[in-house]
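The lines below spell out each chain.
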Amino acid sequence: MDAIARQPEAVGPIRANMILTAALIEGVALIAVVLGWLG
Amino acid sequence: MLAGAWTLSAQHEQEHRDATQHEQHETAMDAHGEKHDEHHLHCDCSPKEETAFNAAKVAFHHIGDANAFHIWGDWYLPLPVMLYAPGEGWTTMLASRFDYAHNHGNGRKAINRYVMVGGVVYRVADTHFPSGEVEIDCVSEVEHDGEEHPAIVYQGQCYALESKTTWDGGLTGGGVTSYYDFSITKNVFTMLLVFALLAWMFVAVRKTYRQRPGQAPRGLQNLVETAIMFIQEEVAKPFIGKHYARYMPFLISLFFFILALNLIGQIPFFPGSGNVTGNISVTAGLAIITAFKVYSSANKHYWKHVLWMPGVPAALKVLILTPVEILGLLIKPFTLLLRLFANITAGHIVLISFVGLIFIFGRMGESIGGAIAGVVAAFVLNSFMMAIELLVALIQAFVFTLLTASYLGDATEEEHH
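Conventions adopted
- Residues numbered from 1 in each chain as written.
- Chains lettered and ligands numbered in written order.
- Predicted model: local features only at pLDDT ≥ 70, side-chain atom pairs only at ≥ 80, totals over all residues.
- Heavy atoms only, no water.
- Helix = DSSP H or I, 4+ residues; strand = E, 2+ residues; numbered from the N terminus.
- Buried < 20%, exposed > 50% of the residue type's maximum accessible area, 1.4 Å probe, protein only.
- Contact = heavy atoms within 4.5 Å.
- Areas by Shrake-Rupley, 256 points an atom, 1.4 Å probe, with all protein chains shown as cover.
- Expected span 1.5 Å × (residues − 1).
- Bend = angle between axes of the 7 residues up to and from the residue.
- Buried area = accessible area lost by both parts, 1.4 Å probe.
- Salt bridge = Lys/Arg side-chain N within 4 Å of Asp/Glu carboxyl O.
- Polar contact = N/O pair within 3.5 Å; in protein donor to acceptor, adjacent residues only side chain to side chain.
- Nonpolar A, V, L, I, M, F, W, Y, C, P; charged D, E, K, R; others polar.
- Core = buried A, V, L, I, M, F, W, Y, C linked by side-chain atoms within 4.5 Å.
- 1 Å grid on protein atoms, 1.4 Å probe; cavity = no way out; pocket = protein on both sides within 12 Å on 5 of 7 lines; lining within 4 Å.
- Points joined across faces, edges and corners; volume = space filled by probe spheres on them.

Chemist: What's the story with the overall build of chain B in this structure? I'm lost.
Modeler: Counting its secondary structure elements, chain B contains nine helices and 12 strands. Among the 417 residues that make up chain B, the fraction classed as buried is 42%. Counting only contacts in chain B whose residues sit at least 6 apart along the sequence, the fraction spanning at least 24 positions is 60%. Carbon together with sulfur atoms contributes 66% to the accessible area of chain B, which is approximately 22,800 Å² in total.

Chemist: Just to check I follow, could you spell out helix α8 (residues 314-361) of chain B for this structure?
Modeler: One turn of an α-helix holds 3.6 residues; hence residues three or four places apart share an orientation. Residue and element names in this part refer to chain B. Its 48 residues place the ends of α8 65 Å apart at the C-alpha level, agreeing with the 70 Å of an ideal helix rising 1.5 Å per residue. The largest bend along α8 reaches roughly 40° and is located at L321, with the proline P323 sitting one to four residues downstream. One or two positions beyond α8, positive phi appears at R363, with a value near 45°.

Chemist: Where do I start with the interface of chain B and chain A in this structure?
Modeler: It is common to give the size of an interface as the accessible area lost on bringing the parts into contact. Contact with chain B, which involves 16 residues of that partner, is made by 11 residues of chain A. In terms of surface lost to chain A, no three residues of chain B exceed L338, R339 and A342 of chain B, which account for 29% of the buried area on that side. The tally of links between chain B and chain A comes to zero salt bridges. Seen at the junction of chain B and chain A, the total is one residue pair in polar contact (both at pLDDT 80 or more). Listed by contribution, the elements that provide at least two residues to the side of chain B that touches chain A are α8 and α9 (368-411) of chain B. The class makeup of the residues in the side of chain B that touches chain A is 12 nonpolar, three polar and one charged.

Chemist: In this structure, what is going on with the nonpolar core? I would like to understand it.
Modeler: Inside soluble globular proteins, nonpolar side chains tend to come together where they are buried. Counting residues in hydrophobic clusters, the biggest one holds 46 residues, and the most contacted among them are I240, F255, F256, I258 and F400 of chain B. At the level of elements, α2 (11-38) of chain A together with α3 (186-211), α4 (220-240), α5 (244-266), α6 (280-296), α7 (300-307), α8 and α9 of chain B are the ones that each hand at least two residues to this core. With 13 residues, the top contributor of residues to this core is α5 of chain B. Beyond its immediate sequence surroundings of up to four residues, F400 of chain B is in contact with L254, I258, L286, A287, T290, L336 and L340 of chain B.

Chemist: What exactly am I supposed to notice about empty space enclosed by the protein here?
Modeler: Empty space among the atoms can be located by rolling a probe the size of a water molecule over them. Residue and element names in this part refer to chain B. Taken as a whole and judged by the stated rule, the model has two cavities of 30 Å³ or more. A287, T290, A291, V294, Y295, Y302, K332, P333, L336 and Y407 together form the lining of the second largest cavity. Among the elements that take part in the lining of the second largest cavity, α6 stands out by supplying five residues, more than any other. Residues belonging to the lining of the second largest cavity are distributed by class as follows: eight nonpolar, one polar and one charged.

Chemist: What is the right way to look at the pattern of salt bridges in this model?
Modeler: Any two side chains of opposite charge can pair, on the condition that their charged atoms come close. The full count for this structure, using the stated rule, is five salt bridges over all chains. Look at the salt bridges and you will find they share partners, linking E88, R113 and R123 of chain B into a network.

Chemist: Explanation requested: unusual backbone geometry in the structure shown.
Modeler: Working note: non-glycine residues mostly have negative phi, and peptide bonds are mostly trans. All names here are of chain B. One non-glycine residue, N112, adopts positive backbone phi at about 55°. The partly exposed category is assigned to N112, whose relative accessible area is 25%. Residues other than glycine seldom take positive phi values, yet R113 does so here, at roughly 70°. Along the chain, the position of R113 falls in the loop between β5 (109-111) and β6 (114-117). Relative accessible area serves as the criterion here: at 6%, R113 is assigned to the buried category.

Chemist: I'm lost on the layout of surface pockets in this one. Help?
Modeler: Residues and elements named next belong to chain B. In this structure, the second largest pocket occupies an estimated 530 Å³ of space. Along the walls of the second largest pocket sit 21 residues, with F255, F256, L259, L263 and L394 positioned nearest its centre. Broken down by secondary-structure element, the contributors of at least two residues to the lining of the second largest pocket are α3, α4, α5 and α9. For the lining of the second largest pocket, the leading source of residues is α5, giving six residues. Residue classes in the lining of the second largest pocket are distributed as 20 nonpolar, one polar and no charged.

Okay, structure coming up:
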């Protein structure tokens, strides 16, 4: 949000990187979900 | 007294056992259900009492693969079953040969020791079970370690079924089966269907481009062109750089395949009911292909940076950095696999559980008012969840493609100082 505010024309790459990072973090959470199913 | 306490505890463990049957304590009991001496298994064909709705069991049954498509009520679409047992040869047939009509997908016949339970093919563990085609009494289950495993009753005797092969080869229970399963199951059928649909779509769009060169896109071209341009501009060019065109076909195939499989898995009825990307073997296949592609297009610069990175003292490299990097080579495709699998499967389990609310509120048919309240709740929650699932389907396909492009970009990066 901050980065987009500072540099509105860079919203494209910022959005792509944000989604990528969110998915990586969600990956960690989902590994926890899978381990919950296993146990 | 000790022996008395011992047998008492053994009896207490398995509540389903008939109290008059003496149970030998299974000192040699291992995780494989089929290693039990079958004379001590107890299951019969008497109708079971109505138990509370088990949401977990229903959810896992519905997201699992099956050899027959359950279409509606008692209609099943049988799929080809192709099994190979080393030493015994092939057994190929249509799943309908198991004669599961009006029986909740449980077959009435055993063919070469294969049986069908709930639409899935299993095999009788006991090798002394007669081969060829025999009629079995019924499909039942045995309880073992607190879990229920399917079993069949034949001529009054209970026979345990082999558990399906697990990814760890049976280390944590289950085990390797005695046969190889090459059947066209729901997942294979859905993948072939998606392949046919995508092939048709791409060929049709290509023809349109040929016939109308240089004109504004029309119809399906719009959709396909938007997606391909998106992948090219937002994913391939920024992450791969100069040689992005080499990897565009792979990235586009990956994106559309995963997206189409995710979306078709959201449709709750035939032909969409196969949960393909939620099957860990399918995502594992995708991850292996991606890993193979990335590591085979990696140049010397990449391997040097991964295995023997410059600018770091040798001791540090050997002890910490290189082993960690090698682990990373394996972990990166593994996370691709898990991310897609867990996202899609978790979504499906939640959707099925919300539908299960109908049965929980209606207390398995006892209360109509509760069931109606359950329908309203399930409808609202499911609409919300399905909207999220559409988004998740798109995002997961996009992220898989994005990370693949990122890894490809790393692997093909040129020397720069």
